[in-house]
Amino acid sequence: MRPDTPAENVDHTAEAARLERTAGLYPEDAEALLLRAAAHLELSGDRPAATALYDRLLSSADALADPALVRALKAANLWEYGHEAEARAIIDGIRLTAPRDPAPWVIVAEALESHDELEAAAETFTEGARLLLAGVAEPPAATHPLLYGRHRVRRMQGLEHDDWDTLADTLHSAPVPLDELHDPKRVWSLGSENPAELAAEITRLRAELGAYRQALSRPFPVAMLHWPAAELAELLSAYPALATEYPSHEEHLSTIESSLRELSSSGTGNLGIVTGTVPSYEAFAASESSSPTDPTLLPQYATTLAARGRAVTWPPQRGAECWCGSAEGYEVCHGG
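Residues numbered from 1 in each chain as written. Predicted model: local features only at pLDDT ≥ 70, side-chain atom pairs only at ≥ 80, totals over all residues. Heavy atoms only, no water.

### Quick word on unusual backbone geometry
- Cis peptide bonds are those with omega within 30 degrees of zero, and the linkage from Trp-314 to Pro-315 qualifies with -5°.
- In the Ramachandran plot, Ala-98 falls in the positive-phi region, its phi being about 50° despite a non-glycine side chain.
- Among the structural elements, Ala-98 can be located in the loop between α5 (84-97) and α6 (102-114).
- With a relative accessible area of 28%, Ala-98 lands in the partly exposed category.
- In this structure, Ala-327 is a non-glycine residue whose phi angle is positive, near 70°.
- When you line up the elements, Ala-327 lands in the segment after β3 (312-314). (Helix = DSSP H or I, 4+ residues; strand = E, 2+ residues; numbered from the N terminus. Buried < 20%, exposed > 50% of the residue type's maximum accessible area, 1.4 Å probe, protein only.)

### Some points on the sheet that holds strand β1 (residues 222-226)
- Read from one edge of the open sheet, three strands run β1-β2-β3, paired in mixed fashion. Whereas interior strands pair on both sides, the edge strands pair on one side only; in this sheet they are β1 and β3. Looking at each pair of strands side by side, their axes are set apart by 40° on average, direction ignored.
- With five bridges connecting them, β1 and strand β2 (residues 271-275) associate as parallel partners. Bridge pairing links His-226 to Thr-275 in β2.
- With respect to the sheet, helix α14 (residues 249-265) is in contact with β1, β2 and β3, its orientation differing from that of β1 by roughly 170°.
- Docked against the sheet, helix α16 (residues 297-307) engages β1 and β2, running at close to 115° with respect to β1. (Pairing = 2+ DSSP bridges. Axes fitted to C-alpha atoms, helices over the stretch in contact; angles between N-to-C directions. Contact = heavy atoms within 4.5 Å.)

### Some thoughts on the packing of aromatic side chains
- Summed over all chains, the structure comprises four aromatic pairs.
- With a centroid separation of 5.9 Å and an interplanar angle of 85°, the aromatic rings of Trp-227 and Tyr-281 are classed as edge-to-face. With Trp-227 in the loop between β1 and α13 (229-238) and Tyr-281 in helix α15 (residues 278-287), the pair connects residues that are 54 residues apart, well separated along the chain.
- An angle of 40° between the planes, with centres 5.7 Å apart, marks the rings of Phe-284 and Tyr-301 as tilted. Of this pair, Phe-284 sits in helix α15 while Tyr-301 is found in helix α16, placing the two residues 17 residues apart along the sequence.
- Residue classification places Phe-284 among the buried residues on the basis of a relative accessible area of 5%.
- Note on Tyr-301: relative accessible area 1%, which makes it buried. (Phe/Tyr/Trp six-rings, centres within 6.5 Å; stacked < 30°, edge-to-face > 60°.)

### Looking at the pattern of salt bridges
- For the structure on display, the rule yields 18 salt bridges.
- Close ionic contact of Arg-310 with Asp-29 constitutes a salt bridge, the shortest N to O distance being 2.5 Å. Highlighted residues: Arg-310 in the loop between α16 and β3 and Asp-29 in the loop between α1 (12-25) and α2 (30-44), separated in sequence by 281 residues.
- Here Glu-257 makes a salt bridge to Arg-261, at a shortest N to O gap of 2.8 Å. Here Arg-261 and Glu-257 lie together in helix α14, a separation of four residues that amounts to about one turn.
- Since its relative accessible area comes to 5%, Glu-257 is described here as buried. (Salt bridge = Lys/Arg side-chain N within 4 Å of Asp/Glu carboxyl O.)

### Looking at the environment of Ala-168
- Note on placement: Ala-168 falls in helix α9 (residues 163-171).
- Using a relative accessible area of 0% as the deciding quantity, one classes Ala-168 as buried.
- Spatially, the C-alpha atoms of Ala-168 and Leu-178 are 7.8 Å apart, while their sequence positions differ by ten residues.

### Focus: the pairing of β2
- By the criterion of burial, β2 is predominantly enclosed, with four of the five residues buried.
- Inspection of the sheet shows β2 paired to β3 by three bridges, in the antiparallel sense. Looking at β3, one finds that Ile-273 is bridged to Val-312.

Structure follows, in structure tokens:
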């Protein structure tokens, strides 16, 4: 169930409770699952309960994969139900710690933007872009929202385009240009009595909504299961019957890449790779009351890992290391 589903179609409180129970079963994925649960609680209107989940994560003895993201989400949530001073303090702290992940920058900048703090929002978007894009020839996909958000706020401020605004225009691939989507005059078009203006605005909104729906068309990627060499050796040593599925590690890696390319060429989007471990696979088999030697469990295990937020996007961004763990660039490894 996606947290973006309208509240009238989903019991967000029940979905949050289900995700909390799942987090108890899979503590290694608790961070991702509890963040999704908090999103459902926010949509249900129970913002104090969402804050309690964020606090639970931040006070956990286990190290978080992205503590800045959790703090950013907590700040945005707090501001929405009247805790502005605490939210501002958290936002200032995030900006000072300068996280290397674009998501916290985007969240706190959009929180400032939504409360009409346009100058502070533009500064925050710019700080994040300056930190993460310095010396980068081609911005990674994860940083695109930074550039898009900065472009939007600067348009609202009536500022002239700079180099990063031009770059945002170039990266944006939706049918309606970014300049048109972020045109402040669009707000006035919605109140126009001119049928032509209203029709044009409806067309733009449909294009924008179509791009948004496409991005959310699947809650998690179609993922291929990847076994690192040591894990595959342990798997086959414990369960020799699976040798027919994995004749060699090299062939296993080649099969992953070729399968993903075939899916991509057939029009399937949102592809990814999940990495398996033997203990995790054995626990999954036990939860399914089945034997790890059953090869039909392998794709189910991959889907379960993807649903728990363990997938990495395929193909990797230009210049990124190959998904296989060779430490070589994807273009010179399996991407070649």
